[in-house]
Amino acid sequence: MKIAVYPGSFDPITNGHLDIIERAAKIFDEVIVAVLINPDKKGLFTIEERVELIKRVTKNIKNVKVESFYGLLVNYMKEKNAQVIVKGLRAVSDFEYEFQMALMNKKLDASIETCFMMTNAKYSYLSSSSIKQVVMFGGCIEDLVPSEIVNDIVDKINKK
Ligand code: PNS
């Protein structure tokens, strides 16, 4: 059984993330979306909220699980019996950072492969931080994030 982990901050999940999840779910037997618990970085949504939002938008994809993890990704992968890390690449600017992480993970555990998926061109400019900025200044995020979570994001930012 091929188990892949798609790790990230997902603060919040975007249509670009969801597109990668849907495509990965067609390739691997199981895809675990893993939200990193980073005590040094206070996000917009709590880890529990991020997990809930991702669960909500992936509920119809049977082989997708959503969890959070703390610590080294390779240790979490071992615990889950997962062999592949899935990452999305949007632009050349993502490459250097992703390349460095993939090599570090390979150094930490040579049995793990990182599999990069090219973003869908229509989402190549999307990022969680740009979504937050657009909402903060009153812009529209329909089509940028799954429709089921638009109000959660708008409400959260307006309450801040
Ligand atoms: O969405 P992000 O913030 O680009 O995701 C980064 C993430 C969570 C994939 C990365 O920070 C990570 O894997 N962190 C866990 C710590 C770790 O394993 N570090 C070693 C690789 S550099």
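Residues numbered from 1 in each chain as written. Predicted model: local features only at pLDDT ≥ 70, side-chain atom pairs only at ≥ 80, totals over all residues. Heavy atoms only, no water.

Draft legend 1. Region of interest: the pattern of salt bridges. Under the criterion given, the structure shown has 12 salt bridges. The salt bridge involving Glu30 is made with Lys65; its shortest N-O contact spans 3.7 Å. Pair noted here: Glu30 is in strand β2 (residues 30-36) and Lys65 is in strand β3 (residues 64-69), with a separation of 35 residues, a long-range link. Using a relative accessible area of 40% as the deciding quantity, one classes Lys65 as partly exposed. For Glu113, the salt bridge is made with Lys106, and the minimal N-O distance between the two is 2.9 Å. Ionic contacts of the salt-bridge type, sharing partners, join the residues Asp11, Arg50 and Lys132 into one network. (Salt bridge = Lys/Arg side-chain N within 4 Å of Asp/Glu carboxyl O. Helix = DSSP H or I, 4+ residues; strand = E, 2+ residues; numbered from the N terminus. Buried < 20%, exposed > 50% of the residue type's maximum accessible area, 1.4 Å probe, protein only.)

Draft legend 2. Layout of helix α6 (residues 150-159). Buried within α6 are the following residues: Val150, Ile153 and Ile157. For α6, the buried positions fall inside an angular range of 75° around the axis, keeping them on one side. Facing away from the buried side of α6 by over 90 degrees, the exposed positions are Asn151, Asn158 and Lys159. Looking at the buried positions of α6, the neighbouring elements they touch are α5 (128-136). (Arc of directions from axis to C-beta. Contact = heavy atoms within 4.5 Å.)

Draft legend 3. Expanded view of unusual backbone geometry. In this chain, Asp11 is followed by Pro12 through a cis amide linkage whose omega measures 5°. Of note, the phi angle at Asn81 is positive, near 65°, even though the residue is not glycine. Structurally, Asn81 can be placed in the loop between α3 (73-80) and β4 (84-89). On the accessibility criterion, Asn81 (57% relative accessible area) is exposed. For Asp143, which is not glycine, the phi torsion reads 75° and is therefore positive. When you line up the elements, Asp143 lands in the loop between α5 and α6. Looking at Asp143, the relative accessible area reads 64%, which means it is exposed.

Draft legend 4. Highlighting the UniProt feature "domain: Cytidyltransferase-like" (unreviewed entry) in the protein chain. Listed under "domain: Cytidyltransferase-like" (unreviewed entry) in the UniProt record, and renumbered for this structure, are residues 5-133. Between the C-alpha atoms that bound residues 5-133 the distance is 28 Å, and the span itself is 43% helix and 22% strand. (UniProt positions renumbered as here; feature names shortened; annotations may be inferred.)

Draft legend 5. Quick look at the site of the ligand. The immediate surroundings of the ligand are formed by 13 residues, with Gly8, Ser9, Leu72, Leu73 and Asn105 found nearest. Within the contact set of the ligand, an oxygen atom lies 2.8 Å away from a backbone nitrogen or oxygen of Leu73. Taken by itself the ligand offers 550 Å² of open surface, and the protein chains cover 73% of this. Given that more than half its atoms are within 2 Å of the pocket grid, the ligand belongs to the largest pocket. Elements with a contribution of two residues or more to the shell around the ligand: β1 (3-8) and α4 (92-108). With four residues, α4 is the largest single contributor of residues to the shell around the ligand. In the shell around the ligand, the residues fall into eight nonpolar, four polar and one charged. (Near = heavy atom within 4 Å. Polar contact = N/O pair within 3.5 Å; in protein donor to acceptor, adjacent residues only side chain to side chain. Areas by Shrake-Rupley, 256 points an atom, 1.4 Å probe, with all protein chains shown as cover. 1 Å grid on protein atoms, 1.4 Å probe; cavity = no way out; pocket = protein on both sides within 12 Å on 5 of 7 lines; lining within 4 Å. Sits in = over half its atoms within 2 Å of the grid points. Nonpolar A, V, L, I, M, F, W, Y, C, P; charged D, E, K, R; others polar.)

Draft legend 6. Broad picture of the layout of surface pockets. Here the largest pocket defines a volume of roughly 1,300 Å³. Lining the largest pocket we find 50 residues, and of these Pro7, Gly8, Ser9, Lys87 and Tyr97 sit closest to its centre. Every element with two or more residues in the lining of the largest pocket is listed here: β1, α1 (15-27), α2 (47-58), β4, α4, β5 (113-118) and α5. Per-element accounting of the lining of the largest pocket gives the leading share, eight residues, to α4. (Points joined across faces, edges and corners; volume = space filled by probe spheres on them.)

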